[in-house]
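# Working through the structure, step by step
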Amino acid sequence: MDAEQADGNGSRRWKGRSLRRCEDDRLLRGEGSFTGDAAPADCLLAEFFRSPLACGRITRLDLDEARAIPGIVAVHDAETLGPVGPSSVNPLLPRAEMMPMFGLAHGRIEAVGQPVAVVIGENRNVVLDALETIALETDGVSGGERQREAGRWQSGDVEGAFASAAHIVETVLDHPLVAPSPMEPRACVAGYDGTVLRVRLSTQTPFRCRDDLAAILGLDPSGVHIVNTDVGGAFGGKASIMPEDVVTAACALRLRRTVRWTGSRAEDLLSATRGRGARTCARMAIADDGRILALEAKLDFDLGHWTPYSAFAAPRNAARILPGPYAVDRIDIRLVTHRSDRPAVNIYRGAGRPEAAMLMERLMDRAADATGLDRLAIRRQNLRPAESLPGLTATGERLDSGDYAALLRRLEIDAGLSDLGKELRRRRAVGETVGLGIALFIEPCGQGFETAALTLMPNGDIHAATGTSAQGQGRATATSQIVADRLHVPVDRIEVTTASLDDLDDGIGALASRGTAIGGSAMDEVAGRFMLCLREEARALGLDTTGNGRPGDSCAVLEGVAHERARRGLPPLSLSHRYQTPHEAWASGAVAAIVRIDGETGDIAVERIDWIDDTGEVINPLLVEGQMRGGLAQGLGCVLMEEILHDTNGQLVTGSLMDYALPRASDMPYEVHIRSKSVPSSANPLGAKGVGEAGCIGIPAAILNAIHDAIGAVGDDALQLPLTSQKIWRALRVGTGNRELR
Ligand code: SMO
């Protein structure tokens, strides 16, 4: 019998409540334990000699002077470190070029910042001194830009559609490389006792890191243990095993000592994985009445010089999500990936979803202009009807549930779009440069499995272990709410561990907006089954399961079973579960943005955001809103200011937060109105969808459209991300803008 049948949907005493995060008390008291906080006795320090050059075969690498410095324990390049790699790559795009990682540079330099040698010493000063003595020369020959057609999605007679179209609109959008920038930079502490390699790692995927580290270092996975730590943000930047992790662990293994590497902000900017990095262009064929006849798109993604485990997720997402929430049968989407002399590009909050949404939403506005239809009307006309869900898209994706037209309708009403439009016309008439942008988006929320386990502790409390990891989302709080409703106990009787290898053999972690949809469903199912076990056990032990305690409160039953089992010397009752999601959940949303542009300076103020989101079943509205606002901040950063820049020699220009512009509190919109209009997912028992990445998807598209609306017909080419005040200022003056200004 499945848990659903056994216990209905559980009660709803805890789910749906805006509980404050149970995690915060400890963290705010400074009692968090991050990887960099580990200070084991006799710990050696590792630092990396990173290439100051962008490319070329290594013609000289002097390490001898560094090795001779007192206090230096070891200096390794790829040759002396011993066999490391290759790393594994998720083969999501079988035709894309896989470029695994081998730890340190092997004979060639492929990017500025690439780890070439590792220096291990007794203290930081000697290690830094040793780094100064290392010299590197190369022949300067580039590794080249190898392009591959990584995928193609075709359906219907696209050529015919364009031939018969009344209107054809097109757009080009460049997505600069951006830095995930979690508060806590990457870090790794590894120790080896002769049997087990123990690694503290700031990661989103501890189980996979265990398996990856074992494979890369030639160990059995049972000989590798990843120690659970607090993680201070990740955003995709800690999703895949990195060279520094592997090399630090290899050194610990060789030296049989504990070795610590704590990355700095500068190192993260220089050589952590980046996000986005795509050139997207598309055209759309439109009938006289505004119906979309066909979509043709070409997406070109930069991979950098190697492919981390999830490298293909973003390009694949961008392609498969098209044509977004719109009903378009005829499509031709070509996906290209290419290698470059740059650090690796990997997933970053949004991971292909923003690229798809911005492309479609630019096209929709252009289609409105071309047909003379209202921007809302042309969207409304082309949205997939709710009755068509679950259903397949032209790219073969299965959308589970949603009502896109209802989202748009709610946005119109709740934001008062027609009044806002009138207000903008009034402001324009008095000389203000203001604009309104609309965007709709859909968001796939993870595939595969997750694990969960529950244990009844001797005092009657519940220990809940979820395979999903936590890096600030409030996983423990949300997990406790799910369990509390199934077991009919208060949340404070539940203690949660996240992605702990001490508690679970396997799991995935937190990425791809899968934590609640998949991890939460695993927990929901195991809790439903555990409740049945508890009742059965209570009966078997001869306990009264009805009269003791308040109705809807199982504390007395749990305590009774726990005490009785302890009295009889039985081990704590425990149940574990592996949930495999049959389908992906697809969240969706509709956003309106209002911007004001200062005509003198080009400065953009986002005055107001209205956002209606379908996140499926909501476990904790406060946490959901936190995720949405965090994503909004990062989405705003991507569209207005963030950009990793290299000069013509491949040197990083944006090497610190003085040069790389992260949004600050003062950049946030004056007003944010978030409303939820949820349709439960049909893809999982919890009915949940994802929300972690949503803000990076719809917000940038709406802001981009609002800026176009404000400045008028300057052409899509002229307004490429990030839309800095300088670019806007020039666009206002030149009228047509100038690509060379980038
Ligand atoms: S970009 Mo995410 O952590 O899948």
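Scope of this entry: the structure provided in the associated data block. (Residues numbered from 1 in each chain as written. Predicted model: local features only at pLDDT ≥ 70, side-chain atom pairs only at ≥ 80, totals over all residues. Heavy atoms only, no water.)

It is worth spelling out helix H7 (residues 206-217) at this point. Over its 12 residues, H7 runs 16 Å from end to end, which matches the ideal 16 Å to within 8%, given 1.5 Å per residue. Extensive coverage of H7 is indicated by the burial of 10 of its 12 residues. Of all the residues in H7, the buried ones are Pro 206, Phe 207, Arg 208, Cys 209, Arg 210, Asp 212, Leu 213, Ala 214, Ile 216 and Leu 217. Where the residues of H7 are buried, they touch strand E10 (197-201), strand E11 (224-227) and helix H8 (243-255). Where H7 terminates, the next one or two residues include Gly 218, which has phi positive at roughly 70°. (Helix = DSSP H or I, 4+ residues; strand = E, 2+ residues; numbered from the N terminus. Expected span 1.5 Å × (residues − 1). Buried < 20%, exposed > 50% of the residue type's maximum accessible area, 1.4 Å probe, protein only. Contact = heavy atoms within 4.5 Å.)

With that settled, the discussion passes to the pairing of strand E24 (residues 604-614). For E24, the buried fraction is high: 11 of the 11 residues fall into the buried class. Relative to E24, strand E23 (residues 586-597) runs antiparallel, the two being bridged by 10 bridges. Paired with Val 591 across the bridge in E24 is Trp 611. The hairpin formed by E23 and E24 contains six residues between the paired strands, and Gly 602 there has a positive phi angle of roughly 80°. For the handedness criterion, the β-α-β arrangement of E24, helix H18 (residues 621-640) and strand E25 (residues 671-676) is classed as right-handed. (Pairing = 2+ DSSP bridges. Right-handed = clockwise from strand over helix to strand, strands pointing away.)

Our next topic: the pattern of salt bridges. Throughout the structure, instances matching the rule amount to 55 salt bridges. For Arg 279, the salt bridge goes to Asp 174, with nearest N and O atoms at 2.9 Å. Remark: Asp 174 occurs in strand E8 (residues 167-178) and Arg 279 occurs in strand E13 (residues 275-286); sequence separation between them is 105 residues. Judged by relative accessible area, which is 38%, Arg 279 ranks as partly exposed. Asp 365 is paired through a salt bridge with Arg 375; the nearest N and O atoms lie 4.0 Å apart. In this pair, Asp 365 is assigned in helix H11 (residues 353-371) and Arg 375 in helix H12 (residues 375-382), connecting sequence segments 10 residues apart. Linked by salt bridges that have partners in common, Glu 361, Arg 362, Asp 365, Arg 375, Arg 379, Arg 428 and Asp 709 make up one network. (Salt bridge = Lys/Arg side-chain N within 4 Å of Asp/Glu carboxyl O.)

A few words on the sheet that holds strand E19 (residues 449-456). Where strands meet in a sheet, backbone hydrogen bonds hold them as pairs that are either parallel or antiparallel. Sheet architecture is open: four strands sit in the order E21-E20-E19-E22, paired in mixed fashion. Of all the strands in the sheet, just strand E21 (494-498) and strand E22 (574-580) have a single pairing partner and so form its edges. With strand direction ignored, the average angle separating the axes of adjacent strands in the sheet is 15°. For E19 and strand E20 (residues 462-466), the ladder comprises five bridges, and the chain directions are antiparallel. The residue bridging Ala 452 from the neighbouring strand is Thr 466, located in E20. On top of the sheet, helix H16 (residues 515-540) reaches E19, E20 and E22; it is set at about 35° to E19, its chief contact. (Axes fitted to C-alpha atoms, helices over the stretch in contact; angles between N-to-C directions.)

Within the secondary structure, Ser 554 is located in the loop between H16 and helix H17 (555-567). When its relative accessible area of 7% is taken as the criterion, Ser 554 is described as buried. In this structure the side chain of Ser 554 is engaged in a polar contact, spanning 3.1 Å, whose partner is the backbone oxygen of Leu 487. Residues within four places of Ser 554 in sequence aside, it is in contact with Leu 487, His 488, Val 489 and Met 531. (Polar contact = N/O pair within 3.5 Å; in protein donor to acceptor, adjacent residues only side chain to side chain.)

Ranked by size, the top nonpolar core spans 58 residues in total, and within it Met 284, Leu 295, Leu 299, Leu 322, Leu 411 and Leu 417 carry the most contacts. The element contributing the most residues to this core is H11, with seven residues. Contact partners of Leu 299, with chain neighbours within four places excluded, come to Arg 279, Thr 280, Ala 318, Ala 319, Leu 322, Ile 333, Arg 334, Leu 335, Val 336 and Leu 359. In this structure, Ile 120, Leu 197, Cys 209 and Leu 504 belong to the second largest nonpolar core, which totals 43 residues. (Core = buried A, V, L, I, M, F, W, Y, C linked by side-chain atoms within 4.5 Å.)

On to the pairing of strand E1 (residues 44-50). Among the seven residues that make up E1, seven are buried, leaving the element largely enclosed by the rest of the structure. Neither face of E1 is exposed, since Leu 44, Ala 46, Phe 48 and Arg 50 on one face and Leu 45, Glu 47 and Phe 49 on the opposite face are all buried. Pairing between E1 and strand E12 (residues 259-262): two bridges, direction parallel. Bridge assignment links Leu 45 to a residue of E12, and that residue is Arg 260. Two elements, E1 and strand E5 (residues 115-121), share six bridges in a ladder whose sense is antiparallel. Residue pairing for E5: Ala 46 is matched across the bridge by Ile 120.

Spatial strand order, E18-E23-E24-E25: four strands in an open sheet with mixed pairing. The sheet is open, and its two edges are formed by strand E18 (433-444) and E25, each paired on a single side. Across this sheet, the average inter-strand angle for adjacent strands is 15°, counted without regard to direction.

Moving on, we get to unusual backbone geometry. In the segment running from Leu 322 into Pro 323, the intervening peptide bond is cis, with an omega of 0°. On the secondary structure map, Pro 323 appears in the loop between helix H10 (313-321) and strand E15 (330-339). The residue Ala 351 is not glycine, and still its phi comes out positive at about 40°. Relative to the elements of secondary structure, Ala 351 occurs in the loop between E15 and H11. In this structure Ala 351 comes out as buried when scored by relative accessible area, which is 5%.

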